[in-house]
Amino acid sequence: QVQLAESGGGLVQPGGSLRLSCAASGRIFLIYDMGWYRQAPGEQRELVATITTSGITNYADSVKGRITISRDIAKNMVYLQMNNLKPEDTAVYYCYEDLREFSYGATARYWGQGTQVTVSS
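Below, the structure is looked at part by part. (Residues numbered from 1 in each chain as written. Predicted model: local features only at pLDDT ≥ 70, side-chain atom pairs only at ≥ 80, totals over all residues. Heavy atoms only, no water.)

### Concerning the side chain of Arg100
For the record, the criterion: For helices the rule is a DSSP run of H or I covering at least 4 residues; for strands it is a run of E covering at least 2, with both sets numbered from the N terminus onward. For the exposure calls, accessible area comes from a 1.4 Å probe over protein chains only, and a residue counts as buried if that area is under 20% of its type's maximum, exposed if over 50%, partly exposed in between. Working convention for charge: Lys and Arg count positive, Asp and Glu count negative, and His plus the chain ends are omitted. The salt bridge criterion pairs a side-chain nitrogen of Lys or Arg with a carboxyl oxygen of Asp or Glu, the two atoms within 4 Å. In what follows, a contact means two residues having at least one pair of non-hydrogen atoms within 4.5 Å.
Summarising the element assignment, Arg100 is placed in strand 9 (residues 91–100). Glu101 is the oppositely charged side chain nearest to the buried, salt-bridge-free Arg100, at an N-O distance of 11 Å. Ignoring sequence-local partners within four residues, the contact set of Arg100 consists of Ile28, Phe29, Leu30, Tyr32, Gly105, Ala106 and Thr107.

Structure follows, in structure tokens:
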């Protein structure tokens, strides 16, 4: 069974940086798109960034210029480098990977359990 595990969250002061990591494990035939969402208390889950198999990235307007998504295909990992963090970045961050477990069958989206990022002085 495929599992995704995030790490790297924590408490940081405004203007600080964090790097989130997300590792996929289990039976994986091929990974397609990967990305990150976040959900603040009382808010809906929102897209932060995505990256395609060819490395094309997409970012929410609120994070452009401050957050960078990257991936290591060989390690089945996706990263989120967050700089110049603001209090409004406080949320639980979730990674996802669109992948196939077998050479046949459909692609499915798998989610991590979430990692808390708190930006506060």
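What follows picks up the thread again.
### Points about the state of the cysteines
Rules: Two cysteine sulfur atoms form a disulfide, by the criterion used here, when they sit within 2.5 Å.
Tallied over the entire structure, the rule returns one disulfide. The disulfide bridge from Cys22 ends at Cys95, spanning 2.0 Å between sulfur atoms. Across the S-S bond linking Cys22 and Cys95, the dihedral sits near 55°, which makes this disulfide right-handed. With Cys22 in strand 3 (residues 18–25) and Cys95 in strand 9, the pair connects residues that are 73 residues apart, well separated along the chain. The pair formed by Cys22 and Cys95 is uniform in burial state, with each residue classed as buried.

### Here we look at the nonpolar core
General note: in soluble globular proteins, nonpolar side chains tend to be found buried as a group. Short version of the rule: Residues belong to one nonpolar core when they are buried, are Ala, Val, Leu, Ile, Met, Phe, Trp, Tyr or Cys, and are joined through side-chain atoms within 4.5 Å.
In this structure, Trp36, Val48, Ile69, Val78, Leu80, Met82 and Tyr93 are the most contacted members of the largest nonpolar core, which totals 29 residues. Mapped onto this core, the elements with two or more residues apiece are strand 3, strand 4 (30–39), strand 5 (46–51), strand 7 (67–72), strand 8 (77–82), strand 9 and strand 11 (115–119).

### Some thoughts on the sheet that holds strand 1 (residues 3–7)
Cut-off, in case you're wondering: When DSSP locates at least two bridges between a pair of strands, those strands are taken to pair. Comment: axis = line fitted to C-alpha atoms, over the contacting stretch for helices; angle = value between 0 and 180 degrees taken between N-to-C directions.
Spatially, 1-3-8-7 is the arrangement adopted by the four strands of the open sheet, whose pairing is antiparallel. Looking along the sheet, the strands with just one partner apiece sit at the ends: strand 1 and strand 7. Each strand axis lies, on average, 15° off the axis of its neighbour in the sheet, ignoring direction. Strand direction decides the pairing type here: strand 7 and strand 8, joined by six bridges, are antiparallel.

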